[in-house]
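Notes for the structure review
Each chain is listed here by its residues.
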Amino acid sequence: MVVSHFLKWIDTAKVSERVAAAAALASAYVNREMPFEDRCAAEAALTLLLDDPSSKVRQALAEALSISVHAPLQIIAALASDQPDVAAMVLARSPLLTDADLIDRVASGSTAIQKLVADRPVVSMSLAAAIAEVGEAEACVVLLQNYGADIASLSFRRMAERFGHDARVREALVADRRLPSDCRHLLLVKLGEALKASPFVMALMGAARAEKVTRDACVKASLTLIEGTRANEHMALVEHLRLRGDLTTSFIIRILAHGKVDFFGAALVVLTGRDEPRVRALLSAGQDVALTALFRSAGLAEATHAIILRALKIWREVANGRRVAGAQEVSWQMLKELGGQAAEGEMAGLVKSIHLEALRENARSHALAIAAA
């Protein structure tokens, strides 16, 4: 009888009265305060309110029904397709919307709708994948800042590929501890490309100089990236570098000079296809003949074998506690293997540059330590 009276009264009621009545009826429905027959009548009345010309009435419905698992599904679906200010609460909160419903909204909705979905308390891996694949940059930023989102490695990669040039997305990606190491490297490359293409950098340095500076900066940043990469991610990062063409001989020489022996081992595993335990055993205690055969199998040029062996022997002594050394001494010993400062050629030039960089970095660290004392 109450619902019957409500339906007769609503045509002449003011907007503010209809808003209050809609909220009260919806709250009573989801709180199950009615007998079964009255609930059926209330559901019919709530469905009729979807046609109310005032969005404020529909907003009141959305607010009252959006967090309940007992809300009528057809009403939730209709509210989710309403104008943005009505749909917002339902899209952001309703537990009745399935991943399929939400993925459809992401695919066809505006940026504002995508952001609402990305900020839901719980975002499944499949929904996160949809946002990463078709969502706008702003929606991806919201997704990355949502601790309730379950994001797969592939989704991180897609966001890095699609929006690595966007500073907002790049910052959100880098800040996420779940970001795989290969994605971090991809972002380094994207940042380098953005800097290289900057009109200011081009005017200041010229194209050739900008290319060299950004390339060198990316290489140095990659070394820092390796330091912060967990051992179980080394293989993925190596494969990423290999596919990009960045796993060059010069890069391998550089990482070895800086003591990244575990990463060097992962590179050898990928390049040779050998078992990881066997490669690790050879690096830690293998004879020169066996190691040389391994390097040859990895495609490393003969000219690199002697300096790699020299570096490995020093790092073994460091690992065993028989020696204290760093990149400066190791690179110097590698250069001596090539003939010292008088050595010429591409390989000697590379090792000289590594040694000079190590000297400069050590001097800088020393000066900063003196200044801080």
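Residues numbered from 1 in each chain as written. Predicted model: local features only at pLDDT ≥ 70, side-chain atom pairs only at ≥ 80, totals over all residues. Heavy atoms only, no water.

Observations regarding the pattern of salt bridges
Note the following rule: When a carboxyl oxygen of Asp or Glu is within 4 Å of a side-chain nitrogen of Lys or Arg, the pair counts as a salt bridge. Counting from the N terminus, the helices are DSSP H or I runs at least four residues long and the strands are E runs at least two residues long.
A full pass over the atoms with the stated rule returns 16 salt bridges. Two residues, R168 and E138, come together in a salt bridge whose shortest N-O distance is 4.0 Å. Of the two residues, R168 is situated in helix 12 (residues 167–175) and E138 in helix 10 (residues 137–144); the sequence distance between them amounts to 30 residues. Note that R323 is salt-bridged to E317, the shortest N-O span being 3.0 Å. Members of the salt-bridge network, linked through shared partners, are K115, E138, D166 and R168.

Observations concerning helix 2 (residues 15–30)
Worth spelling out the cut-off: Expected helix span is taken as 1.5 Å per residue step, with the number of steps being one fewer than the number of residues. Throughout this description, buried means an accessible area under 20% of the type-specific maximum (1.4 Å probe, protein chains only), exposed means over 50%, and partly exposed covers the range between.
In this model helix 2 runs 22 Å from its N-terminal to its C-terminal C-alpha over 16 residues, within 8% of the 22 Å that 1.5 Å per residue would give. Taken residue by residue, helix 2 has R18, A21, A22, L25, A26, A28, Y29 and V30 as its buried positions.

Looking at the packing of helix 17 (residues 249–257) against helix 23 (residues 346–372)
As a reminder of what qualifies: Comment: axis = line fitted to C-alpha atoms, over the contacting stretch for helices; angle = value between 0 and 180 degrees taken between N-to-C directions. By convention, the crossing between two helices is left-handed when the near helix turns anticlockwise from the far helix through less than a right angle, and right-handed when the turn is clockwise. Whether two residues touch is decided by their heavy atoms; if any such pair falls within 4.5 Å, the residues are in contact. Think of it as three bins: nonpolar holds Ala, Val, Leu, Ile, Met, Phe, Trp, Tyr, Cys and Pro, charged holds Asp, Glu, Lys and Arg, and polar takes everything else, Gly as well.
One way to put it is that helix 17 packs onto helix 23 with a least axis distance of 11 Å and a crossing angle of 40°. Two packed elements cross with a definite hand, and for helix 17 against helix 23 that hand is right-handed. On helix 23, the residues touching T249, S250, I253, R254 and A257 of helix 17 are M347, L350, V351, S353, I354 and E357. Here the residues of the contact of helix 17 with helix 23 sort into six nonpolar, three polar and two charged.

Notes on the confidence of the model for the chain
Close reading of the predicted structure is inappropriate where its pLDDT is low. Inclusion rule: Per-residue confidence from the prediction method is given by pLDDT, with values spanning 0 to 100.
Looking at the chain as a whole, the pLDDT averages 85, with 90% of positions reaching at least 70. Mean pLDDT across the secondary structure elements of the chain bottoms out at helix 14 (residues 199–205), with 65, and peaks at helix 10, with 96.

Notes on the environment of A22
Relative to the helices and strands, A22 is located in helix 2. Overall, A22 belongs to the buried group, its relative accessible area being 0%. The sequence separation of A22 and Q59 amounts to 37 residues, and the corresponding C-alpha distance is 9.5 Å. The contacts of A22, once residues within four sequence positions are left out, are L46, L49, V57 and L61.

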